[in-house]
Amino acid sequence: MKRILAMLLTGLWLVGLNGFGALSRQIVDYRIQVKLQPEKKMLAGREMVTWLNDSAVPVSELQFHLYLNAFKNNRSTFMKESGGTHRGFKVDEDDWGYITVTRLRIKEGEDLTSRMEFIQPDDGNVDDQTVMRLPLPGPVAPQERIAVEIEFEAKLPRVFARSGFFDDFYMVGQWFPKLGVNQDGVWNCHQYHQNTEFFADFGIFEVEITVPEGFVVGATGERIKEVANEDRTLTYTHYQEDVHDFAWTACPDFVEFRERFSLEDPPVDTEMILLVHRQHLNQQPRFLDSLRKGLEFYSRSYGPYPYKTVTLVDPPFKALGAGGMEYPTLFTTMATWFMPEGLRMPEMVTIHEFGHGYWYGIVGSNEFEEAWLDEGINSYSEMKAMDEYYGHDRSMVEFGPIKISDADYQRMQVIPIFAWDPVVRKSWEFISGGSYGSNVYSKAALTLKTLENHLGEKVMARIMRTYYERWKFRHPTTADFIAVAEEVSGRDLGWFFDQFLKTAGSLDYAVSSVRSQEEMAPAGYYGGELLAPKPGKSGRDKDREKVFRNEVVVQRKGELVFPQEILVTFENGDEVREMWDGRERWKRFVYERPSKLKSACLDPENRILLDVDFFNNSKVLKPDRASPLKYALGLALKFQEFLTCLSF
Amino acid sequence: MNILKSYGLGVKRASSSVKMILVLWAFSLIFAGVVYFVGSGFFAGALDRSGLAESLRQFDAGLFLEMLVHNQASVGVVFKVIMMLAFLYFWLSVFLTGGILNTLVSDNAAAGDEPGRRRFAPVFFQGAGRYFGRFFRLEVYSLILWAAFLLFQLIFNLVAKSLTADGTNEKMLYYMFWIRAGLSLVLIFFIRMILDYARIIIVRADTGRVWRSLWEAVRFVFRRLFGTLALYYVLLVTGLVIFLVYWGIHSRISAGSPATIWLVFLIGQVFVMSRSWLRVACQAAEIAFSGGDQ
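Counting of residues starts from 1 at the beginning of each chain's written sequence and follows it residue by residue. Numbering of ligands from 1 and lettering of chains from A proceed in the order in which they are written. Side-chain atom pairs in this predicted model are given and counted only at pLDDT of 80 or more, local residue features only at pLDDT of at least 70, and totals for whole chains, interfaces and linings cover all residues. The basis for the side-chain values is all heavy atoms of the structure; hydrogens and waters are excluded.

Enquirer: Can you explain the overall build of chain B? Please cite residues and give values.
Expert: Of the regular secondary structure elements, chain B holds eleven helices and zero strands. By principal-axis analysis of the C-alpha atoms, chain B measures approximately 65 × 60 × 35 Å. Counting contacts in chain B only where the partners sit at least 6 residues apart, residues at least 24 apart contribute 80% of the total. Between the mean site of the 27 positive side-chain charges and the mean site of the 15 negative ones, chain B shows a separation of 9 Å. Helix and strand assignments come from DSSP, with helices taken as H or I runs of at least 4 residues and strands as E runs of at least 2, each series counted from the N terminus. Any two residues whose heavy atoms approach within 4.5 Å at even a single point are treated as in contact. Here the positive residues are Lys and Arg and the negative ones are Asp and Glu; neither His nor the chain ends is included. A charge is said to be at NZ when it belongs to Lys, at CZ for Arg, at CG for Asp and at CD for Glu.

Given below as structure tokens:
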């Protein structure tokens with residue numbers, strides 16, 4: 001009886017916690033009505049947001065993100081840090097963007113508009129208005145909810161960084177007053193920086209979007225209602241639970257494609273909605289195919305895709321600043337009308353951005369503070385998916401003999417720059433956008449791939465699945481990921497993560513030298529007796545079996561340490577494998593054998609993808625002359641061919 | 001003289017000008033030799049005694065790019081050397097053009113189109129030396145034609161921009177790019193053809209009036225637009241056919257061993273020689289065409 005009672009109480013507690021069928025702890029509940037005014041490039045909105053104080057302490061203020069104010073003027077923190085450019089796209093100074101809260105009050109209560117104030121928790125830049133603080137008339141007690149009504153208007157910038165418009169294309173992301181995350185009574189609500197993305201609590205979103213007739217609309221979640229209004233506008237209502245953001249897009253030039261995606265194991269049934277710009281219809285099969293692959297790979301690798309829809313948005317060419325961005329159940333991809341099949345950019349971007357539905361969308365880590373948890377883990381997942389579907393040596397580029405894999409691409413990003421910053425760092429504290437990208441995406445992805453090679457693919461798969469299962473619809477940190485990795489692998493991995501995530505050094509091991517010398521016959525005094533070598537060239541004894549002293553010196557050139565396997569080969573075909581813990585600056589291996597040494601190779605299977613120089617990982621006794629000859633003669637010939645063009 | 005007859009004569013003259021072709025080829029080989037030594041030093045240094053050198057016998061784009069990334073400073077030096085050599089070769093080519101034209105025109109004058117009556121080297125190098133200054137000036141004066149070319153680019157850009165400003169027709173962006181590339185090539189060939197005829201006029205008349213020769217060439221080309229263009233493009237097509245044959249052979253050989261690497265290089269040298277042959281054929285055909293017309 002007690003057991004039944006306990007189960008009942010636990011059940012009731014869970015119901016109270018999440019509500020029936022809820023996947024997340026629903027901290028927020030947004031009900032928004034928004035109207036697009038295309039002629040002014042503006043939005044007029046009303047928002048009712050209900051927030052649950054899930055902490056153990058009373059909370060006396062709310063903090064909201066007003067992300068669009070990053071584009072308000074040239075002195076916002078985003079604009080100062082970026083200089084008005086983002087991923088190569090430049091701000092249009094004729095089309096700034098902003099959001100203004102025109103009215104704010106407690107639901108059916110006191111007007112709090114005059115209490116609002118802008119704060120700058122990260123850098124104190126008084127010109128930055130991307131975070132708003134709202135002192136409340138009274139504290140919100142633990143487990144109590146508060147509802148706030150907000151009226152706002154927003155001007156969209158000409159798109160160069162995720163959100164905005166171009167012509168009649170609108171990508172409306174980070175567009176409404178959005179609550180920060182309250183953690184143990186303290187608000188985590190950062191400003192919008194050049195390198196930062198987003199962080200919010202899970203909850204419910206019901207949004208009514210009104211647009212003029214003729215616009216094709218896509219949005220987070222399921223469309224539950226569609227109403228034609230008298231003023232030649234349409235209102236689409238979208239609803240989604242267990243997400244932490246809501247984005248939408250509208251454009252009359254979208255062509256909508258809908259197709260169901262189903263899997264039996266694990267059970268998945270979702271609707272793929274593709275909004276392909278009319279100019280890119282030739283790319284639609286590539287989008288659809290890669291989205292299918294993404295759904296299949298992530299569902300099988302981590303867990304079944306839990307939502308009823310996924311929407312792919314293909315921005316037009318001149319709005320590519322909106323491309324390659326993730327939102328819950330909706331993402332933007334990136335393609336151009338002319339895109340050769342061998343250049344797998346649309347596939348890579350589609351799989352990557354869909355993958356964020358898992359690493360960001362479902363596992364809601366803090367993108368401001370630990371961006372690697374979404375970008376790095378997702379780049380690792382993308383790398384594996386691309387390898388699986390397109391070939392591990394050609395997953396990114398395949399033009400005849402030119403083949404480049406996703407791992408090659410990630411290494412190219414990492415080699416020149418990653419020693420400036422550690423992977424785990426607040427996103428706005430990286431020395432540059434390049435360092436942020438190299439570390440958070442590429443170095444983190446290669447770190448996980450190296451860990452996979454170290455622990456084994458099966459163990460790593462269990463780690464990723466366990467991490468997903470344990471932290472879905474929650475806010476994990478780096479420590480949580482490490483804890484799962486250690487628990488599942490049964491190993492202490494502190495040494496690994498401390499170095500590769502928290503230290504800004506480089507990993508570089510090299511074969512410093514290889515030598516092989518024939519041993520001389522004994523000569524000189526041995527036990528008081530003078531031994532003279534038999535006559536012969538260089539004192540060698542022709543009758544004696546030749547013995548060579550073979551020496552290999554390996555070296556740790558970088559600051560970081562990783563155990564090394566060394567493969568030593570001899571001219572007679574013998575092989576010796578050595579293990580070195582890699583801690584000392586160098587180590588010498590000596591072999592006295594009847595055969596000359598041929599080569600020595602560290603990490604012979606190239607499993608340590610973080611090693612910044614694969615070329616110094618091996619050394620041969622006799623250098624290969626053919627490769628330099630091939631490339632030098634090839635270069636000379638290409639030059640001659642060029643000269644013939646100059647002179648004809 | 002009609003186009004096909006000029007073309008045939010040009011081919012015939014080039015085929016009998018073995019020494020001249022060898023000289024042109026030898027100069028390009030000397031320049032390529034410098035690039036080879038620079039490149040050889042670079043690749044030997046970059047690959048050192050790495051075991052990956054053997055893997056790179058078969059091209060691996062990922063590894064190759066990684067090698068370049070690790071040696072960015074050296075790549076920069078090699079690139080600068082190559083650019084400098086190309087610049088020098090351009091002026092050497094201007095010098096050699098004097099030799100080619102002097103030899104071809106002298107042969108015409110001396111023996112009624114029968115080559116080889118005078119010793120090759122003195123005629124060739126005297127001509128190269130004699131006309132270098134004039135051809136140098138011609139290159140300077142030709143800047144006005146290149147300025148017109150740039151003006152065309154500018155106007156084309158403005159038109160393209162106005163047609164694609166609203167971004168609603170993305171295809172148009174690509175079409176514009178390809179059309180511009182095609183038209184640019186046509187214009188480059190056209191200007192170079194005018195300069196060919198200007199040089200021929202200078203050598204044939206042995207005149208120092210370079211500016212006047214340039215405008216005479218412009219007038220000639222526009223007066224005989226179809227003929228000059230047709231002849232030039234027949235020669236270009238010949239070059240394209242030679243290139244396709246070369247590429248067909250070249251791409252079928254997997255150069256992994258020293259023997260095959262040298263074989264590919266030797267086939268390449270045959271191609272370079274054939275391009276030198278085509279250069280002589282082009283000049284000879286243009287001489288014939290312009291002579292027949294005057």
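Enquirer: How would you sum up the layout of surface pockets? Please name residues and give values.
Expert: Here the largest pocket defines a volume of roughly 1,200 Å³. Lining of the largest pocket is provided by 47 residues; of these, P604, E605 and N606 of chain A together with L52 and L63 of chain B occupy positions nearest its centre. When residues in the lining of the largest pocket are grouped by element, the largest group, six residues, is from strand β34 (residues 597-602) of chain A. Of the residues contributing to the lining of the largest pocket, the split by class is 17 nonpolar, eleven polar and 19 charged. A 1.4 Å probe that fits but cannot get out identifies a cavity on a 1 Å grid over protein atoms alone, an open set with protein on both sides within 12 Å along at least five of seven lines counts as a pocket, and a residue lines either if it has an atom within 4 Å of a point. Grid points are joined across faces, edges and corners, and a volume is the space filled by probe spheres set on the points. Throughout, the ten residues Ala, Val, Leu, Ile, Met, Phe, Trp, Tyr, Cys and Pro are labelled nonpolar, Asp, Glu, Lys and Arg are labelled charged, and all others, Gly among them, are labelled polar.

Enquirer: Please give an account of the sheet that holds strand β8 (residues 131-140) of chain A that cites residues and values.
Expert: Residues and elements named next belong to chain A. DSSP bridges decide pairing: two strands pair if at least two such bridges lie between them. Pairing is antiparallel across the open sheet formed by four strands, whose spatial order is β7-β8-β3-β12. Pairing within the sheet leaves two strands with one partner each, and these edge strands are β7 (117-118) and β12 (178-179). In this structure, strand β3 (residues 59-65) lies alongside β12, joined through two bridges in antiparallel fashion. Residue F64 lies in a different strand from β12, and its bridge partner there is L179.

Enquirer: Before we move on, could you go through empty space enclosed by the protein and cite the residues and values that matter?
Expert: In the structure shown here, the tally under the stated rule is four cavities of 30 Å³ or more. In this structure, the largest cavity encloses a volume near 80 Å³. Forming the boundary of the largest cavity are ten residues, of which T644 and S647 of chain A together with Y89, S276 and R279 of chain B lie nearest the centre. Taken together, the elements giving at least two residues each to the lining of the largest cavity come down to α11 (626-647) of chain A together with α2 (18-47) and α11 (258-293) of chain B. Quantified by volume, the second largest cavity comes out at close to 70 Å³. Mapped by element, the contributors of at least two residues to the lining of the second largest cavity are β23 (325-327), β24 (330-332) and α4 (345-355) of chain A.

Enquirer: Which residues make up helix α6 (residues 406-414) of chain A, and what are the values?
Expert: Across the nine residues that make up α6 of chain A, a large majority, seven, are buried. Residues of α6 of chain A that are buried sit in contact with α4, α5 (372-390), β26 (402-404) and α7 (433-455) of chain A together with α4 (61-70) of chain B. Each residue gets one of three labels from its accessible area relative to the maximum for its type: buried under 20%, exposed over 50%, partly exposed in between, using a 1.4 Å probe on protein chains only.

Enquirer: Summarise the interface of chain A and chain B; cite the residues concerned and give the values.
Expert: At the junction of the two partners, chain A supplies 51 residues and chain B supplies 73 residues. Here the quantity called buried area is the accessible surface, traced with a 1.4 Å probe, that two parts lose on coming together, added over both. Taking both sides of the interface into account, the surface hidden between chain A and chain B amounts to around 5,800 Å²; carbon and sulfur atoms contribute 68%. Throughout this description, the term salt bridge denotes a Lys or Arg side-chain nitrogen within 4 Å of a carboxyl oxygen of Asp or Glu. Applying the counting rule to chain A against chain B returns three salt bridges. Between D624 of chain A and R57 of chain B there is a salt bridge, and its shortest N-O distance comes to 2.5 Å. As used in this structure description, the phrase polar contact means that two N or O atoms lie within 3.5 Å; if the pair is within protein, one of them must be able to donate a hydrogen and the other to accept it, and residues adjacent in sequence are counted only when both atoms belong to side chains. Scanning the region where chain A abuts chain B turns up 22 residue pairs in polar contact (both at pLDDT 80 or more). Per-element accounting of the side of chain A that touches chain B gives the leading share, 21 residues, to α11 of chain A. Tallied by class, residues from the side of chain A that touches chain B come to 32 nonpolar, eight polar and eleven charged.

Enquirer: Any details on the pattern of salt bridges? Residues and values, ideally.
Expert: Residues and elements named next belong to chain A. Across all of its chains, the model carries 52 salt bridges over all chains by this definition. Between E398 and R344 there is a salt bridge, and its shortest N-O distance comes to 2.7 Å. A residue pair is termed long-range when its members are at least 10 positions apart, and E398 in strand β25 (residues 397-399) and R344 in the loop between β24 and α4 qualify at 54 residues. Taking the relative accessible area as the measure of exposure, R344 reaches 11% and is therefore buried. Note that R549 and E551 form a salt bridge whose closest N and O atoms lie 3.2 Å from each other. The exposure class assigned to R549 is partly exposed, which follows from its relative accessible area of 33%. What you see here is one network of salt bridges that share partners, running through R46, R103, D111 and E151.

Enquirer: Could you give me a rundown of the sheet that holds strand β35 (residues 618-620) of chain A, with the residues and numbers involved?
Expert: Residue and element names in this part refer to chain A. Across the sheet, which stays open at both edges, the four strands sit in the order β32-β31-β34-β35 with antiparallel pairing between neighbours. What marks the edges here is a single partner per strand, and that holds for β32 (575-580) and β35. On average, adjacent strands in this sheet sit at an angle of 15 degrees to one another, irrespective of strand direction. Taken together, the five bridges between strand β31 (residues 564-570) and β34 define a ladder with antiparallel strand orientation. Bridged to T569 within β34 is S599. Angles run from 0 to 180 degrees between N-to-C directions of axes, and those axes are lines fitted to C-alpha atoms, restricted for helices to the stretch in contact.

Enquirer: Break down the packing of helix α1 (residues 3-16) of chain B against helix α10 (residues 225-250) of chain B for me, citing the residues and quoting the values.
Expert: All names here are of chain B. Where α1 contacts α10, the two axes come as close as 10 Å, and the packing angle between them is 40 degrees. Here α1 is positioned oblique relative to α10, judged by the angle of their axes. The two elements α1 and α10 meet at a crossing, and its hand is right-handed. Between α1, through I3, S6 and Y7, and α10, the contact on the second element is made entirely by F226, G227, A230, L231, V234, L235 and T238. Across the contact of α1 with α10, the residue classes tally to seven nonpolar, three polar and no charged. Here roughly perpendicular refers to angles of 65 to 115 degrees, roughly parallel to angles under 35, roughly antiparallel to angles over 145, and oblique to all remaining angles. By definition, turning the near helix anticlockwise from the far helix through less than a right angle yields a left-handed crossing, and turning it clockwise yields a right-handed one.

Enquirer: Run through the packing of α6 of chain A against α4 of chain B, naming residues and quoting values.
Expert: α4 of chain B packs onto α6 of chain A with a crossing angle of 5 degrees between their chain directions and a minimal axis gap of 10 Å. Of the possible angle classes, the one that applies to α6 of chain A and α4 of chain B is roughly parallel. Residues D408, R411 and M412 of chain A of α6 of chain A form the contact with α4 of chain B, whose participating residues are G62, L65, E66 and V69 of chain B.

Enquirer: Pulling in residues and values, what's your account of the environment of E388 of chain A?
Expert: All names here are of chain A. Mapped onto the elements, E388 comes out in helix α5. What makes E388 exposed here is its relative accessible area of 53%. Separated by 91 residues in the primary sequence, E388 and F297 have C-alpha atoms spaced 8.9 Å apart.

Enquirer: Go over the packing of aromatic side chains with me, naming the residues and quoting the values.
Expert: For Phe, Tyr and Trp, rings pair up if their centres lie within 6.5 Å, where Trp contributes its six-membered ring, and each pair is then called stacked (planes under 30 degrees apart), edge-to-face (over 60) or tilted (otherwise). According to the stated counting rule, one finds 85 aromatic pairs over all chains in the structure shown. Taking 6.0 Å as the distance between ring centres and 90 degrees as the angle between the ring planes, the aromatic pair formed by F481 of chain A and F497 of chain A counts as edge-to-face. Linking F481 of chain A in helix α9 (residues 478-489) with F497 of chain A in helix α10 (residues 494-500), this pair joins segments that are 16 residues apart in sequence. On the numbers, 5.9 Å between centres and 45 degrees between planes, the contact of F152 of chain B with F156 of chain B is tilted. Of this pair, F152 of chain B and F156 of chain B both sit in helix α7 (residues 143-164), separated by four residues, roughly a single helical turn. The exposure class of F152 of chain B is partly exposed, given its relative accessible area of 24%. Residue classification places F156 of chain B among the buried residues on the basis of a relative accessible area of 12%. Charge-over-ring placement is defined geometrically: NZ (Lys) or CZ (Arg) within 6 Å of the ring centre, and within 35 degrees of the ring normal. The lysine or arginine in question, R411 of chain A, covers the ring of F614 of chain A, its NZ or CZ lying 3.5 Å from the ring centre.

Enquirer: Residues and numbers for the confidence of the model for chain B, please.
Expert: Taken over all residues, the pLDDT of chain B has a mean of 92, while the share at 70 or more is 95%. Predicted complex metrics record ipTM = 0.93 and pTM = 0.91. Each residue carries a pLDDT value, the predictor's own confidence for that position, ranging from 0 to 100.

Enquirer: How would you explain the pairing of strand β17 (residues 222-228) of chain A if you had to name every residue and give the values?
Expert: All names here are of chain A. Judged from the six bridges that link them, β17 and strand β18 (residues 233-243) form a sheet pairing that is antiparallel. Bridge pairing in β18 places E222 opposite Y239. Here β17 folds back onto β18 in antiparallel fashion, the turn holding four residues, of which R232 has a positive phi close to 60 degrees.

Enquirer: Outline the side chain of R199 of chain B, listing residues and values.
Expert: Structurally, R199 of chain B can be placed in helix α8 (residues 170-205). Beyond its immediate sequence surroundings of up to four residues, R199 of chain B is in contact with T97, L101, F135, L138 and E139 of chain B.

Enquirer: Before we move on, can you summarise the nonpolar core with the specific residues and values?
Expert: Side-chain atoms within 4.5 Å are what join buried Ala, Val, Leu, Ile, Met, Phe, Trp, Tyr and Cys residues into a set we call a nonpolar core. Of all hydrophobic cores here, the largest spans 258 residues; its most connected members are W51, L62, W175, W248, W359, F481 and V552 of chain A. The dominant element in this core, judged by the number of residues it contributes, is α11 of chain B, at 15 residues. Non-local contacts of V552 of chain A, meaning those with residues more than four positions away in its chain, are made with V511, S513, V514, V568, K587, R588, F589, Y591, L597 and A600 of chain A. Counting residues in each nonpolar core, the second largest holds five residues, with A371, F430, Y436 and V440 of chain A among its members.

Enquirer: Give me a nonpolar patch on the surface: which residues, what numbers.
Expert: Residues F338 of chain A together with Y175, F177, W178, I179 and L183 of chain B make up a contiguous nonpolar surface patch of roughly 580 Å² in combined accessible area. Structurally, F338 of chain A can be placed in the loop between β24 and α4. Patch building starts from residues that exceed 30% relative accessible area and form no salt bridge, then joins like charges within 9 Å and nonpolar side chains (Val, Leu, Ile, Met, Phe, Trp, Tyr) within 5 Å. Here, Shrake-Rupley sampling with a 1.4 Å probe gives the accessible areas, and only protein chains in the shown set may cover a residue.

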